[in-house]
Amino acid sequence: MTTQELERCDTADAVLAYARSQRAARDAAEVAMYEATCTWAAMHSTRDEAKAAVLPGTDMLITLAGPGAPKVSEFAVIEYGTALGMSADAAIRYVAHVVETRYRLPRLHTAVVAGRVPVWRARRIAEATLGLPLEAAAWVDHHLAGVAATCSYTVLGRLVEEALCRFDPETAEDKRAIAAEDRKLDIHLDTATTGGQCIEGTVDITGCLDLADALDLDNAVTREARNLALAGSDQPLDVRRSMALGILARAQTSLDLSGNDTDDEADDEAGEPAPRVPARQVVLNVHLTDTALASIDPTTLRSNDLSAGMHLARVEETRSFVGVDQVCEWLRVPDTHVTYRTITGSGSDPEAYEHPFRQVHRPARQHITADDIRGFASNPDLRPHPRRPIDLAEELTSDGYTPSERLAEQTRLRHPRCVFPHCTRRARRRTPDETHADLDHIETYDPGGPPGQTTSANLATLCRRHHRAKTHTPWTYRPAPTGFLWTSPHRYQYLVEPTGTTDLGQAPRPPTRPV
């Protein structure tokens, strides 16, 4: 929206002057919010350890900054961040930077309030000093006093490292020892949804290897890439090298070097290596539209139809989507075990089956088409899946407080993320060491009440932090036609919908009756 002041700018000089004034107003607003955060944190903080001791699960005073800074109420930070449109993690990080600057970097704090150092630069410095002892942070603050507004991140990093070596040599030595042994290999599954790679179905791999191991891996990848070329592959060298790494991985998983065909726990405790898993053990929860299953060409649909375009399948583990042809490409790998399970949002209850390709009398590398995927349900070799498919529109009920496994899975599929304002935490865990989000009763469960309080309509997903905030503070919420309407302890209301959170402002106080 163009302001009237900007519309009156009819020359280049006038536009530049307007832009400069808006930048100054923005910087002043950031400083004002920084000072407001300092005040809010001071209102909800303490240095007394006795006051910080509370019952488990309730509000607690948490350590956000380094030694010497006060502790701050966790639930106060949650409400403050929600009012600013931040997630809980972003709010904790922001308040931590402000508290670090205010109480451990006094010279930097003075420069920020005076407008000599931008707030964003002060936050970068505070992030770097969070792990330093109090004396080391003061030393960094002293040396940055005159150059905080212009110093580079490289200079800041060197200064922090020097402060750590000067005032905490034991930690510095441990850090160097860990860095010397920091060999790792990271497979970045999250890159399947970033950088425009969502539909390509590719991920990035980074690692730090021992030199000898790196040379052996390079020789093995080069050899397999050469074999692919000899086998007739016309892909570029880089593509063949990436394919070669997958070939090496499948060859290793299919080769059992343990000599043990059992999963005896005693053998594991005795130090015996675990048996290898099959070459590719994949379970695909494929969400396909009725249009895709009916073999309708999506390009023939109306442009305003939400089903128009490519037939897409979503990969739950990486939150990415791929085309049906990409799924077919994955299924071409021999001995792949596929579980076909439908998840619908209608009242139908289709059957679910699993299909072991290795038991079907077909050539090992026969091309699998999208029609093959659609024809799984009519194949005579299919076996019923042990778990029934989920209908998201079905109303399920559990008599007790704890929902049944089927009701819990339906709730996490209906609400795939925490329904608290601005929260983006996933409801379903992605790795075995993670936990699912909590299932919260929207209307508080009454142990002495009638059965049937645990229903599909009365359950929603909340991450543990926001579940605690809802349970132990005046946060309340109720279903709305398009989502959930939340009310904060200070009567600010937020409408949480699948598309995001809308700030509705402060609700009016209820009228009071005259005495």
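Remember, predicted model here, so these are calculated numbers, not experimental data.

So, the overall build of the protein chain
Moving on, step 1. Within the protein chain one finds 18 helices and 20 strands.
Moving on, step 2. The burial tally for the protein chain puts 36% of its 515 residues in the buried class.
Moving on, step 3. Here the analysis covers contacts within the protein chain between residues at least 6 apart in sequence; of these, 55% occur between residues at least 24 apart.
Moving on, step 4. Carbon and sulfur atoms form 54% of the exposed surface of the protein chain, whose accessible area is close to 30900 Å².

Let's talk about the packing of helix H4 (residues 74–83) against helix H5 (residues 88–104)
Moving on, step 1. At their nearest, the axes of H4 and H5 sit 8 Å apart, and the two run at 105° to each other. Our classification of the angle between H4 and H5 gives roughly perpendicular. Contact residues: Val77, Ile78, Tyr80 and Gly81 in H4; Ala88, Ala91, Ile92 and Val95 in H5.

Description of the pattern of salt bridges
Side chains bearing opposite charge may pair, as long as their charged atoms lie close to each other.
Moving on, step 1. Taken as a whole and assessed by the stated rule, the structure comprises 15 salt bridges.
Moving on, step 2. Two residues, Asp440 and Lys470, come together in a salt bridge whose shortest N-O distance is 3.3 Å. Taken together, the positions of Asp440 in strand S14 (residues 438–441) and Lys470 in helix H18 (residues 464–472) put the pair 30 residues apart, joining distant regions of the chain.
Moving on, step 3. Residue class for Asp440 comes out buried when judged on its relative accessible area of 3%.
Moving on, step 4. Overall, the relative accessible area of 13% leaves Lys470 in the buried class.

Comments concerning a nonpolar patch on the surface
Moving on, step 1. Judged by side-chain polarity, Leu185, Ile187, Leu189, Val203, Ile205, Leu209, Leu217 and Leu245 come together as a nonpolar surface patch covering roughly 660 Å² of accessible area.
Moving on, step 2. One can find Val203 in the loop between strand S4 (184–188) and strand S5 (204–208).

Overview of the pairing of strand S18 (residues 483–487)
Moving on, step 1. Buried residues dominate S18, accounting for five of its five residues.
Moving on, step 2. The pairing of strand S17 (residues 476–480) with S18 spans five bridges and is antiparallel. Looking at the pairing, Tyr477 lines up with Trp486 of S18.
Moving on, step 3. Here S17 folds back onto S18 in antiparallel fashion, the turn holding two residues.
Moving on, step 4. For S18 and strand S19 (residues 492–497), the ladder comprises four bridges, and the chain directions are antiparallel. Directly across from Leu485, in S19, lies its bridge partner Leu495.
Moving on, step 5. Connecting the antiparallel pair S18 and S19 is a turn made up of four residues, with Arg491 showing a positive phi of about 70°.

Points about the sheet that holds S18
Moving on, step 1. Taken in spatial order, the four strands line up as S17-S18-S19-S20 in an open sheet, and their pairing is antiparallel. Pairing within the sheet leaves two strands with one partner each, and these edge strands are S17 and strand S20 (500–506). Each adjacent strand pair in this sheet contributes to an overall mean axis angle of 20°, direction not counted.

Let's talk about the environment of Asp186
Moving on, step 1. Secondary-structure assignment places Asp186 in strand S4.
Moving on, step 2. Residues Asp186 and Gly207, 21 residues apart in the sequence, show an inter-C-alpha distance of 5.7 Å.
Moving on, step 3. Every residue in contact with Asp186, bar those within four places of it in the chain, is listed here: Asp204, Ile205 and Thr206.

Concerning the packing of H5 against helix H6 (residues 106–113)
Moving on, step 1. In contact at an axis separation of 5 Å, H5 and H6 are set at 110° when each is read in the N-to-C sense. Judged on the interaxial angle alone, H6 and H5 are roughly perpendicular. Judged by residue contacts, Thr101, Arg102 and Arg104 of H5 engage Pro106, Leu108 and His109 from H6.

Section: the side chain of Arg104
Moving on, step 1. Structurally, Arg104 can be placed in helix H5.
Moving on, step 2. Those residues in contact with Arg104 that sit more than four places away from it in its chain are Gly66, Pro67, Ala69, Val99, Thr129, Leu130, Leu132, Pro133, Leu134, Ala137 and Ala138.

With respect to the nonpolar core
Note that soluble globular proteins tend to have their nonpolar side chains buried in a common cluster.
Moving on, step 1. Leu64, Leu108 and Leu144 are the most contacted members of the largest nonpolar core, which has 44 residues in total.
Moving on, step 2. Where this core is concerned, the elements lending two or more residues are helix H2 (12–43), H4, H5, H6, helix H7 (119–129), helix H8 (134–144) and helix H9 (153–167).
Moving on, step 3. In terms of residue count, the dominant contributor to this core is H5 (seven residues).
Moving on, step 4. Every residue in contact with Leu144, bar those within four places of it in the chain, is listed here: Ile125, Cys151, Leu156 and Leu159.

Topic: the confidence of the model for the protein chain
Any residue range with low pLDDT should be treated as having predicted coordinates unsuitable for detailed reading.
Moving on, step 1. On average, the protein chain scores 76 in pLDDT, and the residues at 70 or more come to 67%.
Moving on, step 2. Here strand S10 (residues 353–356) is the element of the protein chain with the lowest mean pLDDT, 37, and H5 is the one with the highest, 95.
Moving on, step 3. Counted against residues more than four places away or in other chains, residues 301–310, with its pLDDT under 50, gives 12 contacts.

Overview of H5
Moving on, step 1. The first and last C-alpha atoms of H5 sit 23 Å apart over 17 residues, in line with the 24 Å expected at 1.5 Å per residue.
Moving on, step 2. Extensive coverage of H5 is indicated by the burial of 12 of its 17 residues.
Moving on, step 3. Residues of H5 that are buried include every one of Ala88, Ala91, Ile92, Tyr94, Val95, Ala96, His97, Val98, Val99, Glu100, Thr101 and Arg104, and no others.

Rules behind the numbers
Residues numbered from 1 in each chain as written. Predicted model: local features only at pLDDT ≥ 70, side-chain atom pairs only at ≥ 80, totals over all residues. Heavy atoms only, no water. Helix = DSSP H or I, 4+ residues; strand = E, 2+ residues; numbered from the N terminus. Buried < 20%, exposed > 50% of the residue type's maximum accessible area, 1.4 Å probe, protein only. Contact = heavy atoms within 4.5 Å. Areas by Shrake-Rupley, 256 points an atom, 1.4 Å probe, with all protein chains shown as cover. Axes fitted to C-alpha atoms, helices over the stretch in contact; angles between N-to-C directions. Parallel < 35°, antiparallel > 145°, perpendicular 65-115°, else oblique. Salt bridge = Lys/Arg side-chain N within 4 Å of Asp/Glu carboxyl O. Patch = residues over 30% accessible without salt bridge, like charges linked within 9 Å, V, L, I, M, F, W, Y side chains within 5 Å. Pairing = 2+ DSSP bridges. Core = buried A, V, L, I, M, F, W, Y, C linked by side-chain atoms within 4.5 Å. pLDDT = per-residue confidence, 0-100. Expected span 1.5 Å × (residues − 1).

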